[in-house]
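Residue-level listing of the chains:
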Amino acid sequence: MTQPFGIARDQDGASGDNDFGDRRAASMGKVERSNPGRRFDTILTAAARTWFVVALLGQWLFVIYVVGFYARAAWQGHVERWNQVLPHGHVPGDTPGNLVVAVHLAFAVLIIVGGSVQVLTGVRRRFPRFHRMNGRIYFVSAFVMSLGGLIMVWTRGTVGGPPQAVAITINALLIMGCAIMTLRNALARRIDAHRRWALRLFLVVSGVWFFRIGLMFWIALNQGPVGFDPETFRGPALVALAFGQTLVPLAILELYFRAQRSPSTILRAGMAAVLGVLSLATAAGITAAFFLMWLPRL
């Protein structure tokens with residue numbers, strides 16, 4: 001079965017999988033985990049796999065929205081509609097700036113599509129050449145999208161004021177940093193480190209998506225905007241979400257790595273429970289975003 005890469009150990013004996021799943025302890029003279037421990041490994045892996053499946057489905061819905069709204073508006077010659085969502089998304093007469101926005105949107109689609117394929121272990125195992133080629137495209141896309149986002153934020157501004165601009169800048173810098181570390185470890189054949197950095201890259205690249213489903217989940221949960229002004233798009237709730245869109249997923253991923261390595265069944269069971277709750281919350285956020293934000297513009 002094709003599964004999100006790095007979620008469970010490979011079955012092909014690839015080197016460097018020390019931090020993912022069971023170690024091949026018998027051949028190394030180490031004590032294998034007990035049967036209860038193995039069951040908790042399976043539960044933790046299933047919980048992580050479930051979250052990834054939910055997230056990938058939600059990201060493809062986001063791609064459909066971006067293409068259906070932005071690309072269709074451009075194709076129909078009504079790029080001014082972009083301003084319904086993006087502040088100064090299209091500025092008459094500013095061809096270079098408009099081109100930056102268009103390239104940013106195009107690479108956002110490319111990186112989501114490429115990333116959803118790149119994180120699947122089955123694809124990497126069966127089509128290693130494609131995995132490497134797609135990885136290079138993903139690397140370039142991450143940089144182009146990040147640079148485009150920085151240019152847009154600091155030349156055209158963003159809703160929410162300085163906190164949003166700072167949060168977006170941090171997200172862009174983390175994307176570029178994680179991309180560099182992912183490529184560096186791949187070239188050095190440090191496969192275990194490469195996979196961990198690639199998972200981090202996948203999450204920080206998804207920051208914009210996390211913000212949108214997080215916002216819609218918050219609005220649906222509170223039956224309306226709470227903690228921010230919907231007119232000015234400012235308030236403590238949005239500040240927390242702007243920084244949380246990057247930092248919270250990374251923190252949860254690090255806890256997941258620690259749970260995988262830990263001999264504690266309690267820690268692994270707790271992490272599996274957390275991932276189960278997050279899967280439900282993610283699904284709820286995706287559903288709210290689709291029906292309240294994306295579908296009305298398609």
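Scroll up to find the structure.
Caption draft 1: View of the nonpolar core. Residues Y70, L201, W209, L215, Y256 and W294 are the most contacted members of the largest nonpolar core, which totals 67 residues. Listed by contribution, the elements that provide at least two residues to this core are α1 (35-75), α2 (95-118), α4 (128-156), α5 (162-187), α6 (191-205), α7 (207-222), α8 (236-261) and α9 (265-294). The element that contributes the greatest number of residues to this core is α1, accounting for 15 residues.

Caption draft 2: Here's a closer look at the packing of α5 against α8. For the pair α5 and α8, the least separation of the axes is 8 Å and the interaxial angle reads 15°. One element, α5, and the other, α8, form an angle in the roughly parallel class. For α5 against α8, the interelement crossing comes out left-handed. Taken together, the residues of α8 that come into contact with α5 (itself represented by P163, Q164, V166, A167, I170, N171 and L174) are L238, V239, A242, F243, Q245, T246, L247 and L250.

Caption draft 3: Looking closely at the environment of F69. Looking at the element boundaries, F69 is found in helix α1. The spacing of F69 and L295 is 226 residues in sequence and 9.5 Å in space, taken between C-alpha atoms. The contacts of F69, once residues within four sequence positions are left out, are R81, W82, Q84, V85, R297 and L298.

Caption draft 4: Highlighting the packing of aromatic side chains. Throughout the structure, instances matching the rule amount to 16 aromatic pairs. Their ring planes at 70° and their centres at 6.0 Å tell us that Y70 and W82 sit as a pair that is edge-to-face. Here the residue Y70 occupies a position in helix α1, and W82 occupies one in the loop between α1 and α2, the gap between them amounting to 12 residues. For the pair shown, Y70 and W82 are each scored as buried. Judged by centre distance (5.2 Å) and plane angle (45°), the ring pair of F139 and F143 falls under tilted. Taken together, the residues F139 and F143, both in helix α4 and 4 residues apart, mark about one turn of the helix. Under the relative-accessibility criterion, F143 is labelled partly exposed at 21%. Ring-pair connections join several aromatic residues into one group, and the members of that group are F62, Y65, F69, Y70, W82 and W294. Across from the ring centre of W197, 4.5 Å away, lies the NZ or CZ of R200, which sits over that ring.

Thresholds, definitions, all that
Each chain has its residues counted from 1, following the order in which its sequence is written. Under the rules for a predicted model, residues below a pLDDT of 70 receive no local features and side-chain atom pairs below 80 are neither given nor counted, while totals for whole chains, interfaces and linings still include all residues. Water and hydrogen atoms play no part in the side-chain values, which are based on all heavy atoms of the structure. Residues belong to a common nonpolar core when they are buried Ala, Val, Leu, Ile, Met, Phe, Trp, Tyr or Cys residues joined through side-chain atoms within 4.5 Å. Think of it in three bands: residues with accessible area under 20% of the maximum for their type are buried, residues over 50% are exposed, and the middle band is partly exposed, with areas taken using a 1.4 Å probe on protein chains only. Only DSSP runs of H or I covering at least 4 residues are called helices, and only runs of E covering at least 2 are called strands; the numbering of each starts at the N terminus. Lines fitted to the C-alpha atoms define the axes, with helices restricted to the stretch that makes contact. Angles between their N-to-C directions range from 0 to 180 degrees. Roughly parallel here means an angle under 35 degrees, roughly antiparallel means over 145, roughly perpendicular means 65 to 115, and every remaining angle is called oblique. By convention, the crossing between two helices is left-handed when the near helix turns anticlockwise from the far helix through less than a right angle, and right-handed when the turn is clockwise. Residue contacts follow a heavy-atom distance rule, with two residues in contact if any of their heavy atoms lie within 4.5 Å. Centres within 6.5 Å make a pair out of two Phe, Tyr or Trp rings, where for Trp the six-membered ring is used; the pair is then stacked when the planes are under 30 degrees apart, edge-to-face when over 60, and tilted otherwise. Criterion for a charge above a ring: Lys NZ or Arg CZ within 6 Å of the ring centre, and within 35 degrees of the ring normal.

These figures come from the coordinates and say nothing about function on their own.
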